[in-house]
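Spelled out from the first residue to the last, the chains are:
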Amino acid sequence: MIKINTSITGRLVNEEKKVKIFLIIFFMVGITGFALPVTSNFFTHLTPVALLLSVAALIIFHKPAITLKTSLIFLFIFALSFLIEAAGVRSGLIFGSYVYGRGLGLKLIDTPLMIGINWLLLVYCTNIIVRSFPVSSAVKILSASVLMVIYDLVLEQIAPKLDMWEFEGGIAPVRNYVFWLLIAVFFQFMLKLSGIKFQNRLAAFVFFLQLAFFLTLLIIFKLFK
């Protein structure tokens, strides 16, 4: 039994390494593609692919098996975050006045469907990251939410360059980050209240890899564009 368990664990670790290496190479190619003027327009259309690849990788390493309750909660996060973004774009009253570009793909109500996936991915990953923190549940919820805002803070600086979205005047207002924090807290609190338990060996890696991807692009554009 011990030998069998060791064999399974070794195989999982090996698969995890392969997926991590693949994602690193994929995102490095993406950095190069966005940085080069001759290929930047083409890579703009690949942003949804990168996001879906990250989601696929997370699904592979998600534990335990996804239940109906978990699926409904994840679907709720996706749907509500999408509707909030759609309302924000139409009214300009939530995050500020902004418009979406082509970078996130197919749109519905002037809002890309991928933005709901992005919210779900961030809520999911940050929730797992803070699980091991030796602090109270309230502090974990706040910590996960702050991580999401930090991610957004970086992304806001590079989003116009990647044709994702752009705020009026070129700068995201303070209320954008305030509402990001409030919405993130709500979703994190909802996960806590739901009582669903899940883990993922790849969650922290995916979150920080994407953060590093956007941060690297931001530095490149600041220095060379």
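Anything mentioned here points back to the structure above.
Note that this is a predicted model, so its numbers are computed, not measured.

Student: Would you mind showing me how to read the packing of helix α5 (residues 114-129) against helix α6 (residues 137-158) here?
Tutor: Any two packed helices are characterised by how steeply their axes cross, that is the angle between the axes, and by the distance between the axes. As a packed pair, α5 and α6 sit with axes 9 Å apart at the nearest point and diverge in direction by 130°. Put simply, α5 runs oblique to α6. The two elements α5 and α6 cross, and the hand of that crossing is right-handed. Within the contact between the two elements, α5 uses N118, W119, L122, V123, T126, N127 and I129 and α6 uses A144, L147, M148 and Y151. Here the contact of α5 with α6 is composed, by residue class, of eight nonpolar, three polar and no charged.

Student: Just to check I follow, could you spell out the side chain of H62 for this structure?
Tutor: Along the chain, H62 turns up in strand β1 (residues 62-63). Contact partners of H62, with chain neighbours within four places excluded, come to F74, Y124, F198, Q199 and N200.

Student: I tried to follow the side chain of S54 on my own but got confused; where do I start?
Tutor: Along the chain, S54 falls in helix α3 (residues 47-61). Residue classification places S54 among the buried positions, given a relative accessible area of 1%. Beyond its immediate chain neighbours, meaning those up to four positions away, S54 contacts F27, L121, V206 and Q210.

Conventions adopted
Residues numbered from 1 in each chain as written. Predicted model: local features only at pLDDT ≥ 70, side-chain atom pairs only at ≥ 80, totals over all residues. Heavy atoms only, no water. Axes fitted to C-alpha atoms, helices over the stretch in contact; angles between N-to-C directions. Helix = DSSP H or I, 4+ residues; strand = E, 2+ residues; numbered from the N terminus. Parallel < 35°, antiparallel > 145°, perpendicular 65-115°, else oblique. Left-handed = near helix turned anticlockwise from the far one by under 90°. Contact = heavy atoms within 4.5 Å. Nonpolar A, V, L, I, M, F, W, Y, C, P; charged D, E, K, R; others polar. Buried < 20%, exposed > 50% of the residue type's maximum accessible area, 1.4 Å probe, protein only.

So far we have only geometry, and geometry alone does not tell us how the molecule works.
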